Amino acid sequence: ACIVTPNAPAHAADGAVLFETNCVGCHVGGGNILPFARSKTLKTNALKKNNLLEREAVAQLVRDGKGAMPAYGTKLSDDEIDSVAQYVLQRAGENWK
């Protein structure tokens, strides 16, 4: 479930750039390259299973990290983290195609 706001297209575009720069190394195509975390993808079913269908929940995960995923709260601003979260939910809704 992606929340669309009037500025979502530009917001999502920023998120795409930030995702490419910071996240795609492990989450290419919405997947997860880590062998022990293959089920923790950014696809809708996995996001739902992990209670990550809301933008703030995804943003918190990006901000704080978890397990092998590093925290980006000191590297990215709150607005940048929100952009990444928006982008992830948008792409998940498109099945990363």
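Here the structure is shown first, and the text comes after it.
None of these values were measured; they are calculated from a predicted model. (Residues numbered from 1 in each chain as written. Predicted model: local features only at pLDDT ≥ 70, side-chain atom pairs only at ≥ 80, totals over all residues. Heavy atoms only, no water.)

## What about the environment of Ala46?
Right, so step 1: Within the fold, Ala46 resides in helix H3 (residues 44-49).
Right, so step 2: Owing to a relative accessible area of 9%, Ala46 belongs among the buried residues under this scheme.
Right, so step 3: Sequence spacing of Ala46 and Gly31 is 15 residues, and the spatial spacing of their C-alpha atoms is 9.9 Å. (Helix = DSSP H or I, 4+ residues; strand = E, 2+ residues; numbered from the N terminus. Buried < 20%, exposed > 50% of the residue type's maximum accessible area, 1.4 Å probe, protein only.)

## Topic: helix H5 (residues 78-93)
Right, so step 1: Over its 16 residues, H5 extends 23 Å from the first C-alpha to the last, a length consistent with the 22 Å expected when each residue adds 1.5 Å.
Right, so step 2: Backbone geometry just downstream of H5 places Asn95 in the positive-phi region, at approximately 60 degrees. (Expected span 1.5 Å × (residues − 1).)

## Focus: the nonpolar core
Right, so step 1: In this structure, Phe19, Leu47, Val58, Val88 and Trp96 are the most contacted members of the largest nonpolar core, which totals 19 residues.
Right, so step 2: Elements with a contribution of two residues or more to this core: helix H1 (8-22), helix H4 (55-64) and H5.
Right, so step 3: Ranked by residue count, the leading element in this core is H5, at seven residues.
Right, so step 4: When sequence neighbours within four positions are dropped, the list of residues in contact with Val58 reads Leu52, Ala85, Val88 and Leu89. (Core = buried A, V, L, I, M, F, W, Y, C linked by side-chain atoms within 4.5 Å. Contact = heavy atoms within 4.5 Å.)

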